[in-house]
Protein chains: 4
Amino acid sequence: MISAGIIGASGYTGGELLRLLDNHSRVEVVAATSRQYSGLPVSRVHPHLQDTDLKFEESMEKMDADIVFTATPHGASMKIVPDLLERGMRVVDLSGDYRFQNIRTYEEWYGIKHEKPLEAVYGLPEIHREEIASADLVANPGCFPTGAILACLPLVYEKLADTFIIDSKTGVSGAGVKPTPLTHYPECSDNVTAYNVTRHRHTPEIRQELSRFNPVRLSFTPHLVPVTRGILTTAHAFLNEDLRQDELREIFRGFYDGEPFVRVVDGMPVLSAVRGSNFCHIGCFEVDDNQRAVIVSAIDNLVKGASGQAIQNMNIMCGFSEVEGLDFPGMHP
Amino acid sequence: MISAGIIGASGYTGGELLRLLDNHSRVEVVAATSRQYSGLPVSRVHPHLQDTDLKFEESMEKMDADIVFTATPHGASMKIVPDLLERGMRVVDLSGDYRFQNIRTYEEWYGIKHEKPLEAVYGLPEIHREEIASADLVANPGCFPTGAILACLPLVYEKLADTFIIDSKTGVSGAGVKPTPLTHYPECSDNVTAYNVTRHRHTPEIRQELSRFNPVRLSFTPHLVPVTRGILTTAHAFLNEDLRQDELREIFRGFYDGEPFVRVVDGMPVLSAVRGSNFCHIGCFEVDDNQRAVIVSAIDNLVKGASGQAIQNMNIMCGFSEVEGLDFPGMHP
Amino acid sequence: MISAGIIGASGYTGGELLRLLDNHSRVEVVAATSRQYSGLPVSRVHPHLQDTDLKFEESMEKMDADIVFTATPHGASMKIVPDLLERGMRVVDLSGDYRFQNIRTYEEWYGIKHEKPLEAVYGLPEIHREEIASADLVANPGCFPTGAILACLPLVYEKLADTFIIDSKTGVSGAGVKPTPLTHYPECSDNVTAYNVTRHRHTPEIRQELSRFNPVRLSFTPHLVPVTRGILTTAHAFLNEDLRQDELREIFRGFYDGEPFVRVVDGMPVLSAVRGSNFCHIGCFEVDDNQRAVIVSAIDNLVKGASGQAIQNMNIMCGFSEVEGLDFPGMHP
Amino acid sequence: MISAGIIGASGYTGGELLRLLDNHSRVEVVAATSRQYSGLPVSRVHPHLQDTDLKFEESMEKMDADIVFTATPHGASMKIVPDLLERGMRVVDLSGDYRFQNIRTYEEWYGIKHEKPLEAVYGLPEIHREEIASADLVANPGCFPTGAILACLPLVYEKLADTFIIDSKTGVSGAGVKPTPLTHYPECSDNVTAYNVTRHRHTPEIRQELSRFNPVRLSFTPHLVPVTRGILTTAHAFLNEDLRQDELREIFRGFYDGEPFVRVVDGMPVLSAVRGSNFCHIGCFEVDDNQRAVIVSAIDNLVKGASGQAIQNMNIMCGFSEVEGLDFPGMHP
C-alpha cells in the first residue's frame, strides 16, 4: 500500500483520479488539495464521490505521500513540482510543463518563461515504459497527443508515412471545469467548432514524440464537439507505398501486440466503447486512390487522455501490475 | 465461484450485465444468448467489450449455470423461466412477467395472458432483502419503479403522505437497443416528450410495493429526455403534517441508514453522479406553502434500474457481499 | 413604419428580437444597446446576424424610438423604463419588474425593493389583448408562466380544476447568455436538474394570472434539461368533475378558438414543433383513475416565452396584424 | 404565382420544402406526395406544420404543377423525372440521379444502373447560375458537396491549391427520417463516428465540380456528430504559394462578392449561425508552417444543403428574386 496526494483535485482530472484510485487496491489517497474549496468535503464538489471522507486541503506543503499527481494548470506545476521532488516524493505531472525536451519549444508555444526545467520522462507507456519505471518525474501526455500519437506511431516507426493531417474531435470536458462562453451549453450544444486550428499547443508535443522514430510533416487541427468525454482522432496519412486495409491493420496489430490498453478493432472506433475506461481503440485503416490512409483512434480524454494514464504511469513506477485499478471496459451506451 | 448465464445478452441490459460481471470476483459468465447474433463474438455487438472471448449462443436449452439472468422482453420470460427453474437453476428475471402479486393486474396492464404464474420475490432489496436471500426466482424491478418507490417509501412507511404525483424523466437507453421513430436522434435530441402519461405499465408496480405499507393515491407520468442513461424522479407528495426540509431529510436518512446503495444527499441529485453505478441518490425535500413536498431521486436506469440491481439480488441470493462487483461510484461528468 | 429600440440587445432575448424584427415589414430597429459591447458591430456578438450594419450603442439616453424593448435584468428595468415613458416612448419590458399587481409580492419573491411601481398591462394577449392595445407599458410575461398559464387557463376559467402541480422542463437558453457552473456543457449535458423547486419567482406570476378567474392551489417546479430552446410544461390537474380526454380537448379547442398562436394539437406536443416560432402547442388531456388530468404545453422560451411575445404585444399596441413578422412555423427537426 | 409539387414530402427534406415554401410569396404548393402516408394530413407527419390543410397524395400521376421538387431517394428519381418533364413540368431533383456528367461515375459509386440519363444542370448557383435559369431539370447538389465545393472553389479557381483533405462533420438529420442503428439516440449521442471514410458517394461529385476549373487531388471523409442540423466542413489545403490568412480571406471575399447566400466571416463559422437558413458561412483561413491552409464552411444540411438550395434554384429558374422566401438569418442559439 502506498500513499498518494492529488494537487488540484477539484477539477475534472482531479475528480477522475479520485474516482479511479477508489478502485485501486494498492493506493490510499491521503491528500487532495484545492485552494478554492479548502476545508470542504470532496463530496460537495464531486457529486459522484459520496462515500469518501476526504476534505480538500489548502496545499501539500506540510504533507507527505509516496507519489503526487499534480493536476495543476500549465505554469502552476513548475512552481510546485521541484519542491515535491526535493522532499523525496515521486511525481506524475498532468500539465504541459515537463513534456518538452527542448525548453524553447515549450516557451514558444505556451508563452511562458520556464522557471526550472527538470529531467522528466514523457509518460506514454507505449513508447517510454522502461524509463517511466525508474523515473521520479513523469510528464503525463496531453489528451490530443495520446490519441494522435497512438494512431500514427506504427506508420512512422515502420517509415510507411511521413505526411499527416490530424483532424481531432474532442468532448467538452477537455476544456476543464471552469465555465466559459465556448463551453456554455447553448453555444456548444448542436454545434461543432474548430479552434486553435494551426496553433494548438499539442502540435509540437505530437511532433516531438513521433519524430523520435522518423521525421514527420504533421498538421494538427482540433474541433470541439457536443460530447462530454472522448477524443476521436482522424489521422489522414499519405502512404509511401501501396498498402491495403488488411495489411495496415496487421501492421498495427503486430505493433501493439501485448499492449494492455491499446486495442486494434475490426469495426470503426467509437467514443462510447472507451468511455470511462483507459483503453485506446484504433481502427479504420481504409486507403483511397490518393494513397491516403485513414486511421481513427478513440480515447476518453479524462482517462487514457489524462488521469487513467497517470495511474498507469504510477503502476509502472511502483512496480504494480500495469492494469491495476484500470482493468475494466468502457461504458456503452 | 459460481457460473452465470445471460439470456437476451445482446441488448443494453445484457451488455450491462456483461460489463458489470466482468468486474465481479465470484462469478463467471458461461453463456450469453442471442437469437439474432447467435455464433457471433460478443465484442461484435458490444463495442466496449473487446476483451471477452464469449460468443453468443442460440439458447440455454442445453447449458447449465448456477444462476441465470433473463434479460428478455415481457411475455418472453414466462416461456423460458419455468424450464430453467425445473432444471435447478436460480433465476433473476428482468422482465415484468413475475413482478405482480395479482396476476390480473399484469394481464390488464400488459395485455398479455400469463401462461404460468410462479411464486417470485420482488427484487427491491430495500424492501425484500430477506425473501430475496432464499428465493429461486427474483423479479427484478422496473426502472421507473426503482427510482419512484425509493423516493416515496419513507413517506408512505411513516404515513406522512398518501397522495403522490410522480413525474419522471428517463434517458433514451430505457427504450432498448432497437431503433424506433421515437428514439431516432433528430426526433429526440433537443426535445422532451411525455408518453404513456396515465397508462404506463410501471404505475401498478409502484402502487403494489408502496401499498404494502399504507394505501396510496398515486399518479405517474414519464417523459423521454435527451439523455442516454438515467432516470430523474420528481415525486410531488402532499404531506399529512407540517414538516420542514431538514426534518424530512432526517427521516429519509434514518430510514435508509445502512443501505449500501441509497444515499441521501445534501445537494440536488443529478444523473451524472450515479451514471454507470448502482447508487440511488435521494434529495431535495423542499416543502411549499401547499404542504407539497418534493423528493427527487436519481438512478442509472441500466444499473440500479436494471442490471446492477439484478447483480445486487444475485449477491444476496448467493450470500456474497451485497456490494461485490458494484462497489464503485458514478461517472461525473 | 415605426422605429424600435432594444435595450440589452447582446443577450439571447435581444438577439431574438433582432432576428425576428429583421422579418417584420413595419418596424425598423434604430438602436440596439449593450454596455459590454458598445461600439462593436452586432454581427460580432450574434454570429447569425451577418447582414445588419447596426452597432451596439452604450444606451438610449440620447436616442428616440416609437417603441422600446427593455431586455434588461430584473431590477435594471425599473431604472430605465420611467425615463423612456416620460420621453413619450412606449415600452415592452421583458423583465419581471412590472408584472405584479401587488408590489409586495414582487419585493418578497425578487428580494428587490421596487423603486418606482408603474401602471402596466400584463402582456399575455390571450388574457389581456384589449388593455395591451392601449397600454404604454406592457410587462412581457415570464417564459414559464406563458407555458403554464396557457396550459391551465381553460380549466381555471371553466372552474373544472383548482389544484395544480406544474412540472416544467426548460432548455438552457432560458438561463441567459452568461456562462455559469449550472450551464457548463459537461454539467448539464446528459443531466436533468430540478432547481428552485418550491421557490421559483415565476410561481406567484402564474398564480396571479390564473387567480383572476378562480382561486387556485398551485405548486410549480422547474427542471433544467439538455435542450437549447423550449419549455415543456406538464400540468397535473385534479379535476372537479369526471371528464374524458376528448371532452377536455374540445373545451380547450373552444377556449382558444381564433387565437393566432395557440394550437390545440391531436398528438403530444413536442418542443421541435414550435422551435424558433411564436406558437404554443397544447395537447395530451389524458385523465387517470385519480381524476388527475395531464395537460402538456410546448413553447420556445425565447420566442413565445420572450421576444416573439414581445413583438406580438407590439403588433397589438401599434394596430398591426397580430401575426406580422411572426407568421411562420417552428423548425422540426 | 406559380404552383409547385413535392414528391416524397414526408421526409426531412420534404418537410423543409413545405416549411420554406410556406414563407414564399410567389409559390403555392398544390401537391405533396407520400406513398406511406397517402391520405393523411401533412400536419400528422410534420408536427410543426399545423396550419396547412394539405393532405399527402399517393403520387403526381394525375396532377400538374409548374415546378416539381423530387425529394426521392437515389434510383427512385430516375423513374419519375422523365415523365414529369415530358408532361411539361420543370423539375428540381434532390437525389443524386442527375448530378453526374459521366454516367459511369454514377453507376460505379451508386451501384445502380441508370435507366435514363438526361441533360441536367448541376444546381449550385455559385457555379451554374446562368444555365440554371433556363434549365428544365436541375440536379440539386448533395449536402456535403455544397459545403465542400464552396470551401475549396476559390482556391481551385485561382490555382492556389490542388491537394485537399476534406474532413466533414454532419448532423444526423442528413441520414433521413428513417430510424437505423446508427441514428438511434443512445448510439449517436455523445459519440462521433467516421463512416464511408474513403468511399462516400459525394466524393466524385465534389471532384467533378472542382475539376471544371483545375485538376484536384482530393480526399473526402465524413463524420456523424451529435447535432441535428448542419455540416461543418474542414478543408485542409496544401497551398502552392505562401499566403497569409488575411490574403486568403480577401481572395474569398472577392470571389464571393455579390453572392446572396455565401458570407465570408471574420470569426470561426459555427453551425448555429446558419441553422435553419440558406446561408453558407466560410472562414478560418489559417495557414501553418507546412503551408497547409484550413478553410471552414458551415451550412444547414437541410437548407443550403438540400431544400433551401432547391428553392434558390427555383427562384433562378422562374426569374424571381433569388432570395425570395429565403431571406432570413439562421437561428442562434
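Residues numbered from 1 in each chain as written. Chains lettered and ligands numbered in written order. Predicted model: local features only at pLDDT ≥ 70, side-chain atom pairs only at ≥ 80, totals over all residues. Heavy atoms only, no water.

## Topic: the UniProt feature "active site" (unreviewed entry) in chain A
Residues and elements named next belong to chain A.
- Under the UniProt annotation, "active site" (unreviewed entry) lies at Cys143.
- By the element assignment, cysteine 143 lies in helix H6 (residues 143-157).
- Those residues in contact with cysteine 143 that lie beyond four places of it in its chain are His202, Ile231, Ile299, Asn301 and Gly305. (UniProt positions renumbered as here; feature names shortened; annotations may be inferred. Helix = DSSP H or I, 4+ residues; strand = E, 2+ residues; numbered from the N terminus. Contact = heavy atoms within 4.5 Å.)

## Some words on the pairing of strand E2 (residues 27-33) of chain D
Residue and element names in this part refer to chain D.
- In terms of burial, E2 is largely enclosed, as 5 of its 7 residues are buried.
- Where strand E1 (residues 2-7) and E2 come together, 6 bridges link them in parallel fashion. Bridge assignment links serine 3 to a residue of E2, and that residue is glutamate 28.
- With 2 bridges joining them, E2 and strand E3 (residues 56-57) adopt parallel strand pairing. (Buried < 20%, exposed > 50% of the residue type's maximum accessible area, 1.4 Å probe, protein only. Pairing = 2+ DSSP bridges.)

## A few points about the packing of aromatic side chains
- Applying the stated rule across the entire model yields 46 aromatic pairs over all chains.
- Ring geometry for phenylalanine 100 of chain A and tyrosine 110 of chain A: centres 5.8 Å apart, planes at 70°, overall edge-to-face. In this pair, phenylalanine 100 of chain A sits in the loop between strand E5 (90-93) and helix H4 (103-110) while tyrosine 110 of chain A sits in helix H4, placing the two residues 10 residues apart along the sequence.
- Consider the rings of phenylalanine 255 of chain D and tyrosine 256 of chain D, whose centres lie 5.0 Å apart with planes at 85°: the pair is edge-to-face.
- Residue tyrosine 256 of chain D is classed as buried on the basis of its relative accessible area, which comes to 3%.
- An aromatic cluster of at least three residues, connected via ring pairs, comprises Tyr157, Phe213, Phe252, Phe255, Tyr256 and Phe285 of chain A. (Phe/Tyr/Trp six-rings, centres within 6.5 Å; stacked < 30°, edge-to-face > 60°.)

## Quick word on the relation of the copies chain B and chain C
- Once turned by 180° and shifted 0.0 Å along the axis, chain B lies on chain C with an RMSD of 0.0 Å. Taken together, the rotation and translation describe the operation of a two-fold axis. It is proline 226 of chain B whose C-alpha, among those of chain B, lies nearest the rotation axis, at 3.2 Å.
- Residue by residue, 100% of the interface of chain B is reproduced at the interface of chain C, so both copies engage with the same surface. (Least-squares fit on C-alpha atoms with pLDDT ≥ 70 in both.)

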